[in-house]
Amino acid sequence: MIKRRKKTGSIAIPFLITFLISMVLIGGTAMIIYDKIDDDESSLIPMTNEVGTLSDNDSHSILFVLDMSDTLGSGEEETYEEYDYEEEEEDGEWEPEEKSSSDAPYTFIIMRSEPINKKLTFLGIPCNMQIGTDNKKADDIYIEKGTTALESSIEYTLGINIDRHMKFNTEAFTKFCNIMGGVTFAVPGGIDGIDPSSDQQYLSAKQIEAIISSGSYAGGELQRISTAASIVSAMLNQANGERIAGNLDNSFEALSSMTESNISATDYSNRKYAIKFMLRYSDPEDSNSRSTRAGFITPYGSSEGGTFVADRYFADDIKSIFEPLDMNASEENEDNTEKETAKDAE
């Protein structure tokens, strides 16, 4: 009997062809699925892992100066004559009516940032507050000597350390308000162009500027600066912290180019992880709720003759929030401060 040999090739070739066809089909399907995922931008989100640490050393204080004299003038009270053409005196002469401007173009607010506690505190400094070794009004010191001298004078009077400062003009402040997304706020009475309401209403950047710069508050300068600190706090609490943190690098770059500041790129780089952490993790779980990350403090004291004097206990009260001033370090930096003051005044 003759044994027939099995044709191994006849089995291997069909198996190989089947395997190759399967791989083509599977691979093609995978490519189609991948292309669909790749086309959907929401499916592929670039992840940026930022690594850093938090400590008490991340806490810092910044003096913010809002100078709207570019659009409101110097703020000095001006009088002018306006003739009433409907009323004529019996002798035929027009009776002038005296009017005055009450805009407040300068606003000074200190921000204390405590990232480790996810907390921001704003302290408004009245323009007519006596500060510094000469007990001059805050706005007089700013006008005569500039931001650095104002910073040093506040430090001296309140005994707190201020790390940096940033000066906004009207355009820069409008940019800041737009970055925050405006604010919903109960408008106090006496503001030109804005209807007062006990109910909160959405305010644009221009309306916020009008409220902050109004000089017609019944409570005077103290009420104005308290309102300013309150409205800035409200903006921070109503803003989406995740959104602000995600775009913080671009926002810092934009504002840095529009403001006068001694905050360097290195300062920002050293603090940005802590700031972003504070913003992201202070958002409430309920999207309809508002954060409580920011609060504000109003100075207390006495007002006489248009000048505000802080109570001697006020400086002690804020030491629990603000870093006490190191007098030795202050004396060492006195020469540098004088040089910067001269530069600001130029």
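All figures in this text were calculated on a predicted structure; none of them were measured in a lab.

Draft legend 1. Broad picture of the overall build of the chain. Broken down by element type, the chain carries 13 helices and 14 strands. Of all intrachain contacts in the chain linking residues separated by at least 6 positions in sequence, the fraction that spans at least 24 positions is 69%. Surface exposure of the chain reaches about 21200 Å², of which carbon and sulfur atoms provide 49%.

Draft legend 2. Focus on the sheet that holds strand β4 (residues 106-114). The strand order across the open sheet formed by 6 strands is β11-β8-β1-β4-β5-β12, and the pairing between neighbours is mixed. At either end of the open sheet lies a strand with only one pairing partner, and these are β11 (260-261) and β12 (294-297). Looking at chain direction, strand β1 (residues 60-67) and strand β8 (residues 164-168) are connected through 5 bridges and run parallel. Bridging across to β8, Val65 finds its partner in Lys167. The strands that helix α4 (residues 147-158) touches are β1, β4, β5 (119-125) and β8; relative to β1, the one it contacts most, it runs at about 130°.

Draft legend 3. Representation of the pairing of strand β14 (residues 307-310) within the structure. Of the strand pairs in this sheet, strand β13 (residues 301-304) and β14 are connected by 4 bridges, and their pairing is antiparallel. Looking at the pairing, Gly301 lines up with Ala310 of β14. Joining the antiparallel neighbours β13 and β14 is a turn of 2 residues, in which Gly305 adopts a positive phi near 60°.

Draft legend 4. Structural view of the nonpolar core. Ranked by size, the top nonpolar core spans 46 residues in total, and within it Phe122, Phe176, Ile208 and Ile231 carry the most contacts. In terms of residues, this core owes the most to one element, helix α7 (residues 220-238), which gives 8 residues. When sequence neighbours within four positions are dropped, the list of residues in contact with Ile208 reads Phe173, Cys177, Gly182, Val183, Leu203, Ile231 and Met235. Ile141, Leu150, Leu158 and Ile318 belong to the second largest nonpolar core, which has 25 residues in total.

Draft legend 5. Quick peek at the pattern of salt bridges. According to the stated counting rule, one finds 9 salt bridges in the structure shown. When the shortest N-O distance is used, the salt bridge between Arg164 and Asp267 registers 2.9 Å. With Arg164 in strand β8 and Asp267 in helix α10 (residues 265-280), this residue pair connects regions lying 103 residues apart in the sequence. Using a relative accessible area of 31% as the deciding quantity, one classes Arg164 as partly exposed.

Draft legend 6. Looking closely at unusual backbone geometry. A positive phi is found at Lys118, a non-glycine position, where the angle reads about 50°. Along the chain, Lys118 turns up in the loop between β4 and β5. The phi angle at Asn135 is positive, at roughly 55°, despite the residue not being glycine. Locating Asn135 in the fold gives a position in the loop between β6 (130-131) and β7 (136-137).

Draft legend 7. Focus on the packing of aromatic side chains. If you walk through the whole model with that rule in mind, you get 8 aromatic pairs. Between the aromatic rings of Tyr106 and Tyr142, the centroid separation amounts to 5.4 Å while the plane-to-plane angle is 65°, which identifies the pairing as edge-to-face. One end of the pair, Tyr106, is in strand β4; the other, Tyr142, is in helix α3 (residues 138-145), and 36 residues separate them in sequence. When sorted by exposure, Tyr106 lands in the same class as Tyr142, which is buried. With a centroid separation of 6.2 Å and 65° between ring planes, the pair formed by Phe168 and Phe176 is classed as edge-to-face.

Draft legend 8. Region of the structure containing α3. The complete set of buried residues in α3 reads Ala138, Asp139, Ile141 and Tyr142. Seen from one end, α3 has its buried residues packed into an arc of 160°, which puts them on one side.

Draft legend 9. Looking closely at the side chain of His165. Relative to the helices and strands, His165 resides in strand β8. Its relative accessible area of 7% is what places His165 among the buried residues. In terms of polar contacts, His165 uses its side chain to reach the side chain of Glu151, at 2.7 Å. Beyond its immediate stretch of four places on either side in the chain, His165 contacts Ile62, Leu63, Thr147, Thr148, Glu151, Glu260, Ser261, Asn262 and Ile263.

Draft legend 10. Broad picture of the confidence of the model for the chain. For the chain, mean pLDDT is 80; residues scoring 70 or higher make up 71% of the total. Note on residues 14-47: pLDDT under 50 across the span, and 4 contacts to partners over four residues away in sequence or across chains.

Draft legend 11. Structural view of the packing of α3 against α4. Closest axis-to-axis distance for the α3/α4 pair is 7 Å, and the angle between their directions is 145°. Taking contact as the criterion, the partners of Ala138, Ile141, Tyr142 and Lys145 in α3 are, on α4, Thr147, Ala149, Leu150 and Ser153. In terms of residue class, the contact of α3 with α4 is made up of 5 nonpolar, 2 polar and 1 charged.

Draft legend 12. Region of the structure containing the pairing of β8. Judged from the 2 bridges that link them, β8 and β11 form a sheet pairing that is antiparallel. The residue of β11 that forms the bridge with Met166 is Ser261.

What counts, and where the lines are drawn
- Residues numbered from 1 in each chain as written.
- Predicted model: local features only at pLDDT ≥ 70, side-chain atom pairs only at ≥ 80, totals over all residues.
- Heavy atoms only, no water.
- Helix = DSSP H or I, 4+ residues; strand = E, 2+ residues; numbered from the N terminus.
- Contact = heavy atoms within 4.5 Å.
- Areas by Shrake-Rupley, 256 points an atom, 1.4 Å probe, with all protein chains shown as cover.
- Pairing = 2+ DSSP bridges.
- Axes fitted to C-alpha atoms, helices over the stretch in contact; angles between N-to-C directions.
- Core = buried A, V, L, I, M, F, W, Y, C linked by side-chain atoms within 4.5 Å.
- Buried < 20%, exposed > 50% of the residue type's maximum accessible area, 1.4 Å probe, protein only.
- Salt bridge = Lys/Arg side-chain N within 4 Å of Asp/Glu carboxyl O.
- Phe/Tyr/Trp six-rings, centres within 6.5 Å; stacked < 30°, edge-to-face > 60°.
- Arc of directions from axis to C-beta.
- Polar contact = N/O pair within 3.5 Å; in protein donor to acceptor, adjacent residues only side chain to side chain.
- pLDDT = per-residue confidence, 0-100.
- Nonpolar A, V, L, I, M, F, W, Y, C, P; charged D, E, K, R; others polar.

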